[in-house]
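# Topology and contacts: notes
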Amino acid sequence: MKIKLFVIGIFLAATMQAQSVKLSEVEWKGVGCYKIEMPMGTVYFEKDNGVSGFKSFIDSEGNDWIASYLPPGPNGDFRGFPNSVGNFGHAGRDSKSTTTIVDGKTEGELVILESSNGTFTFQYYFFADRVAIKVLKSEGDYNFLLECVPGGTADAEDYFVTPDGKKHIPTVAGEFNDFTPEMIYIGDPKSKDILFFAKSPNDDAPNENHRQFRPGNIHNMDLYGFGRTGADQKYQVFGMSGNEHICIIGFTSAKRKHNEITALVEGFLADPFTSGVGMVKLWSTDILNHDAAWYASQEARSIADNVIKYQSYQGGWPKSTDLARAPLTAGDYPADGDGRINSLDNNATTLPMEFLARVAAATDTFDYRASFLRGLDYLFAAQYSNGGWPQFWPLRGDAYYSRITYNDEAMIRVMKLLKGVADGEPHYAFVDDKRREKAKAAVDLGIDCILNTQVIQKGKRTAWCAQHDENTLEPAWARAYEPPSLSGGETVDIIRFLMSIENPSDEIKEAIKGGVSWLRKVAIKGVRLDKVKNPDGRTDRKLVPDKKAPLLWARFYELETNRPLYLDRDSVFRYDFSEIGYERRSGYGYNGYWAADLLDSEYPNWLKSQKKSKKSSTKSSSKESNDKTNVDEDMSANAMVPLIIEAEKGVFTGHIDRHSCWHNIMLSDAPHSTHSGRGIVDTKNEIGSYIEVDYDAKWTGPHRITVRYTHIKKDLRPGALWVNGASVATLAMPQTEALAGWKTDVVLVQLKAGKNVIRLSAINDGGLPNMDYIKVAEVRDVAQGMAANIEVLEAEDGRFTGKEDHHSCWNFIAQIDANHSGFTGEGYVDTKNEKGSYIEVAFDSPKAGPHNLGIRYVHGKKDVRSAQLVVNGVVANSSIDDFVSTKAWTQWTTINMPIELKSGPNTIRLNALGDEGLTNIDHFVITQKE
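These remarks concern the structure in this document. (Residues numbered from 1 in each chain as written. Predicted model: local features only at pLDDT ≥ 70, side-chain atom pairs only at ≥ 80, totals over all residues. Heavy atoms only, no water.)

## Topic: the overall build of the protein chain
When its secondary structure is counted, the protein chain shows 13 helices and 49 strands. Taking all 930 residues of the protein chain together, the buried fraction comes to 57%. Intrachain contacts of the protein chain at a sequence separation of at least 6 include 70% that bridge at least 24 residues. Roughly 39400 Å² of accessible area belongs to the protein chain as shown, and the carbon and sulfur atoms make up 50% of that amount. (Helix = DSSP H or I, 4+ residues; strand = E, 2+ residues; numbered from the N terminus. Buried < 20%, exposed > 50% of the residue type's maximum accessible area, 1.4 Å probe, protein only. Contact = heavy atoms within 4.5 Å. Areas by Shrake-Rupley, 256 points an atom, 1.4 Å probe, with all protein chains shown as cover.)

Encoded structure:
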């Protein structure tokens, strides 16, 4: 296994190092060409006999997307790019042009070719990730035209995607209308790459595309052009002249989401002739740097509307996603199993929560508050019992992602947010008292984790590792170049958080002083970190001797010796920065000035504040604050909260589907992997085997207890439910359809305010079924994470006889038998495909008056499934036409509408207006309006 990882590491390093562009002169398909090799692809640029332009453009798999040399041959049907006026830039066609290498440079971060025929002069900038065209001279109008065969062959399935995220198949007549921004990307379902093609600035010049067929109905190529009309206007060129127009083209991975591709192209267009430019990100930590008034603006609300769309069912947000951009396609939502979903890394989850809190406080909008509170419940659920937080939750079965993660401030950002909630900071004022108390408890537990993970050397407190084992709390490996070590950067972040704690304990003070002492001890003196240009044009980093240089710190220090550590992807310890390869040396922060401000000013100021606090009266610190009220009355325990009524609990025609796949995972080798939490409980096969959990009820009265289980054997596995030592019910828990086909059993019981002991014990010799969780809710319960009056007690967190199973497999995507996953509850309703099919649910409303009705549904087909809404026998909406396609069977969405309800029992019914019945309905959400 080590050999395999070592080989993979070498391959990745070699791939990453090959960022330079290389030009050579070759003969290609019988003619002279410049061959330009780039990490993203290879261009053969024809240069002899008055010809210029792309003859071939080859992707990462070796597919030629232009292939001008292929049949039907030299009869006017050559493919190429940029194919401008007078055959300029067209492979195989003499335009009296000559091409030269600018400055004679043939290798580096950038290589430039210049083609001219006296009428036009274009420069081609070849970068690692794109080609950009600069117009130096033009006499009259010109165009940029791409004639191509996506994926290397002309196929009926070849497509292009416009900026609105819509996928199109080219037609003979063409369908390009004017659109902005002027960009597309082109693909072939068989290809791992897509080709982006764009120009700027936006203008009124025509855009054109069409699919060309040759005699005999031979599909020859697809054409895409900026500055040229279609066949209906005889392919006229106009609207682009002068030298302001810029064109870019290149390959990128087809795995990228639409918004990522858009952001990438926008970044290239914004700075087309500079190497190393990145995506245009609308979402960053700068979103928190506005004045208070801005968060009430329409711009802020629009961004907030987009942010809540990315929140997962569990309550978290994805990493490395531009949340400010509206998710235009199903692919823009990171799906369960995606490597980005439900993360605390890279500001994920905490940044959207901080932003939503500010907008919620400024606008008093329910949706923003509710989304924040779901995120808060997610953070509570993700915390380990030892106080730490992993990088991803739910856990994904990968050791690296399960580590307690201080790296890049992941856990510290969580604790800062929770501390703000616990302290009652103004923009968190809407958080209810129960959650505020839970936040305080979570912070206290997190501080315990910080103190327990601080590394002790010879009896002295020192520093922290970037990540610690979630069980032993010892420093642990992360990625191949991130070893168990002492971290210069992360230690500074942790000390800063500890210094923010009011009235710190003696242990916290010792932790701070020990960390500061260690930072002083391991500071690197007499060298500075420089960025330099290598002879090949690449940017490099070096440590340069300099007696006057400021103090420097290493990211990693060896655990026993405190020597700075430097690792490549081969995981070999090195003690000299110059010994690691260029790819890691230039692309990773091994050294920095992280502790300078801490040691120079922050820590001395903290010491002064501690001395002052000793002298001052402690009355103010012990005085209880009585003015912290819950501003958000509609989320308090005594107010109307959203009530979710599962569709399958109602009366309907059709059937309940149960493609149970709680986390979108369904693999034959991980049949239990759809559990919640970290595992399941498999009790002993004997009478009396049990699971027991404690529940702290906030009131005396009826509660609903739900147990989630799976059992595929034929023997009966019923359980007796005991509450506080008294038998209250028997749960049948019948056989499930599959190991991954979880079911729930529900019973209504009376609980007392305060602690309650809930035990489920086996009645038969087989013991209990495999148990996932016990969910306890007041009778006015809502879906998990939506409000304070529901809790899920994981079975494995209770007391039990037997063993805890871990069939966790978070990285895998559902197979076809789970392609409708993502519903809440036990299933969803799939009505009969006939007019008049219906779903009807009952709701006992505590108050009469206006309410909001939300209907959650999924519909993977293209048709619209219109419905009639009937409330208490009266038509409330004669035709709801909003049940449009969600484009994927796992892409659930909710439509909302106002309804009037009476006090007491109400019936809500959806009737299908079309022959295809209703869409698949998950649940109804009812909220009383203010």
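## A closer look at helix H3 (residues 298-309)
Taking 1.5 Å per residue as the helical rise, H3 with its 12 residues ought to reach 16 Å, and the 17 Å between its terminal C-alpha atoms agrees with that figure. Those residues of H3 that fall on the buried side of the exposure criterion are Ala300, Ile303, Ala304, Asn306 and Val307. The buried side chains of H3 occupy one side of the element, clustering within an arc of 160 degrees when seen end-on. In the core, the buried residues of H3 are packed alongside helix H4 (350-363) and helix H5 (366-382). (Expected span 1.5 Å × (residues − 1). Arc of directions from axis to C-beta.)

## A few points about the sheet that holds strand E7 (residues 111-116)
If you trace the nine strands from one edge of the open sheet to the other, you get E5-E7-E8-E9-E17-E14-E13-E11-E12, paired in antiparallel fashion. Unpaired on one side and paired on the other, strand E5 (98-101) and strand E12 (167-168) mark the two borders of the sheet. Strand direction decides the pairing type here: strand E8 (residues 120-126) and strand E9 (residues 131-138), joined by seven bridges, are antiparallel. Within E9, the position partnered with Phe122 by the bridge is Val135. The sheet contacts of helix H2 (residues 258-270) involve strand E11 (159-161), strand E13 (183-187), strand E14 (193-200) and strand E17 (246-253), and relative to E14 the element is tilted by about 45 degrees. (Pairing = 2+ DSSP bridges. Axes fitted to C-alpha atoms, helices over the stretch in contact; angles between N-to-C directions.)

## Topic: the packing of aromatic side chains
Taken as a whole and assessed by the stated rule, the structure comprises 43 aromatic pairs. A centroid spacing of 5.1 Å and a plane angle of 80 degrees characterise the contact between Trp294 and Tyr295, whose relative ring orientation is edge-to-face. Given the relative accessible area of 4%, Tyr295 is considered buried. Through a chain of ring-to-ring contacts, the aromatic side chains of Phe45, Phe54, Phe57, Trp65, Phe81, Tyr124, Phe126, Phe197, Phe226 and Phe251 assemble into a single cluster. Here the basic side chain of Lys29 rests over the ring of Tyr69, its NZ or CZ set 4.8 Å away from the ring centre. One cation-aromatic arrangement involves Lys134 over Phe273; the distance from NZ or CZ to the ring centre is 4.6 Å. (Phe/Tyr/Trp six-rings, centres within 6.5 Å; stacked < 30°, edge-to-face > 60°. Lys NZ or Arg CZ within 6 Å of the ring centre and 35° of its normal.)

## A few points about the pattern of salt bridges
All told, the structure shown has 43 salt bridges when counted by the stated rule. Notably, a salt bridge pairs Lys47 with Asp48, separated by 3.2 Å at the nearest N-O pair. Judged by relative accessible area, Asp48 falls into the partly exposed class, the value being 30%. A salt bridge links Arg555 to Glu490, with the nearest nitrogen and oxygen atoms 3.4 Å apart. Of the two residues, Arg555 is situated in the loop between strand E25 (553-554) and strand E26 (556-557) and Glu490 in helix H9 (residues 488-499); the sequence distance between them amounts to 65 residues. Of the two residues examined, Arg555 and Glu490, each falls in the buried class. (Salt bridge = Lys/Arg side-chain N within 4 Å of Asp/Glu carboxyl O.)

## Notes on unusual backbone geometry
Of the consecutive residues Phe81 and Pro82, the connecting peptide bond is found in the cis state with omega at 5 degrees. Along the chain, the position of Pro82 falls in the loop between strand E4 (53-58) and E5. Residue Pro394 follows Trp393 across a cis peptide bond; omega there is 0 degrees. Mapped onto the elements, Pro394 comes out in the loop between H5 and helix H6 (399-402).

## Digging into a nonpolar patch on the surface
Residues Trp477, Phe573 and Tyr575 make up a contiguous nonpolar surface patch of about 260 Å² in total accessible area. Note on placement: Trp477 falls in the loop between strand E21 (467-468) and strand E22 (486-487). (Patch = residues over 30% accessible without salt bridge, like charges linked within 9 Å, V, L, I, M, F, W, Y side chains within 5 Å.)

## Considering the environment of Tyr588
Counting through the fold element by element, Tyr588 comes out in the loop between helix H11 (582-587) and strand E27 (591-592). C-alpha separation for the pair Tyr588 and Arg541, spaced 47 residues apart in sequence, amounts to 9.8 Å. In this structure the side chain of Tyr588 is engaged in a polar contact, spanning 2.7 Å, whose partner is the side chain of Glu482. (Polar contact = N/O pair within 3.5 Å; in protein donor to acceptor, adjacent residues only side chain to side chain.)

## Quick word on H9
Between its first and last C-alpha, H9 extends 17 Å over 12 residues, near the 16 Å set by a 1.5 Å rise per residue. With 11 of 12 residues buried, H9 is to be regarded as a mostly interior element. Regarding H9, the residues found buried are Gly488, Gly489, Glu490, Thr491, Val492, Asp493, Ile494, Ile495, Phe497, Leu498 and Met499.

## Observations regarding the sheet that holds strand E15 (residues 207-214)
Taken together, the three strands give an open sheet; going across it, the order is E10-E16-E15, and neighbouring strands pair in antiparallel fashion. Of all strands in the sheet, those with a lone pairing partner are strand E10 (144-148) and E15, marking the two edges. The mean angle between the axes of side-by-side strands here comes to 15 degrees, regardless of whether they run parallel or antiparallel. Where E15 and strand E16 (residues 218-226) come together, eight bridges link them in antiparallel fashion. Paired with Asn209 across the bridge in E16 is Tyr224.

## Structural notes on the pairing of E17
E17 sits mainly inside the fold: seven of its eight residues count as buried. Bridge count for E14 against E17 is eight bridges, and the pairing is antiparallel. Within E17, the position partnered with Lys199 by the bridge is Cys247.

## Some points on the nonpolar core
Within the largest apolar cluster, 93 residues are counted, with the highest numbers of intra-cluster contacts made by Phe355, Phe372, Leu376, Leu418, Ile450 and Leu498. Phe355 has contacts with Trp283, Ile287, Leu288, Trp294, Tyr295, Ala300, Ile303, Ala304 and Val307, leaving out every residue within four places of it along the chain. Counting 39 residues, the second-largest nonpolar core is a separate cluster that includes Tyr34, Ile133, Tyr142 and Ile249. (Core = buried A, V, L, I, M, F, W, Y, C linked by side-chain atoms within 4.5 Å.)

## What about empty space enclosed by the protein?
All chains considered together, the criterion is met by two cavities of 30 Å³ or more. Considering only enclosed or pocket space, the second largest cavity measures out at about 30 Å³ in volume. Every residue along the wall of the second largest cavity is listed here: Gln391, Tyr400, Arg403, Thr405, Asn407, Gln467 and Ala478. Of the residues that constitute the lining of the second largest cavity, the class distribution is two nonpolar, four polar and one charged. (1 Å grid on protein atoms, 1.4 Å probe; cavity = no way out; pocket = protein on both sides within 12 Å on 5 of 7 lines; lining within 4 Å. Points joined across faces, edges and corners; volume = space filled by probe spheres on them. Nonpolar A, V, L, I, M, F, W, Y, C, P; charged D, E, K, R; others polar.)

## Describing the pairing of strand E34 (residues 719-723)
Across the five residues that make up E34, a large majority, four, are buried. By the bridge criterion, five bridges tie E34 to strand E35 (residues 726-731) in an arrangement that is antiparallel. Bridging across to E35, Val723 finds its partner in Ala726. The hairpin turn running from E34 into E35, its antiparallel successor, is two residues long, and Asn724 in that turn takes a positive phi close to 55 degrees. Direction of pairing for E34 relative to strand E37 (residues 754-762): antiparallel, over a ladder of five bridges. Counterpart to Gly719 in the pairing with E37 is Ala762.

## Notes on the side chain of Glu260
By the element assignment, Glu260 lies in helix H2. Of note is the side chain of Glu260, whose polar atom sits 3.0 Å from the backbone nitrogen of Lys257. Among all residues touching Glu260, those that are not within four sequence positions of it are Met279, Ser320 and Arg340.

## A few points about the packing of H3 against H5
Contact pair H3 / H5: the axes reach a minimum separation of 10 Å and the direction vectors enclose 40 degrees. Judged on the interaxial angle alone, H5 and H3 are oblique. The handedness of the crossing between H3 and H5 comes out as left-handed. Contacts between H3 and H5 involve Arg301, Ala304, Asp305 and Ile308 on the former and, on the latter, Asp367, Tyr368 and Ser371. Class assignment of the residues belonging to the contact of H3 with H5 gives a composition of three nonpolar, one polar and three charged. (Parallel < 35°, antiparallel > 145°, perpendicular 65-115°, else oblique. Left-handed = near helix turned anticlockwise from the far one by under 90°.)

## A closer look at the packing of helix H7 (residues 410-422) against helix H8 (residues 433-453)
Look at H7 against H8: their axes get within 8 Å of each other, and the N-to-C directions meet at 140 degrees. Crossing geometry of H7 relative to H8 is assigned as left-handed. Seen from H7, the contacting residues are Met411, Ile412, Met415, Leu418, Lys419, Val421 and Ala422; seen from H8, they are Arg436, Ala439, Lys440, Ala442, Val443, Gly446, Ile447, Cys449 and Ile450. Class assignment of the residues belonging to the contact of H7 with H8 gives a composition of 12 nonpolar, one polar and three charged.

Purely spatial values, then, with no claim about function.
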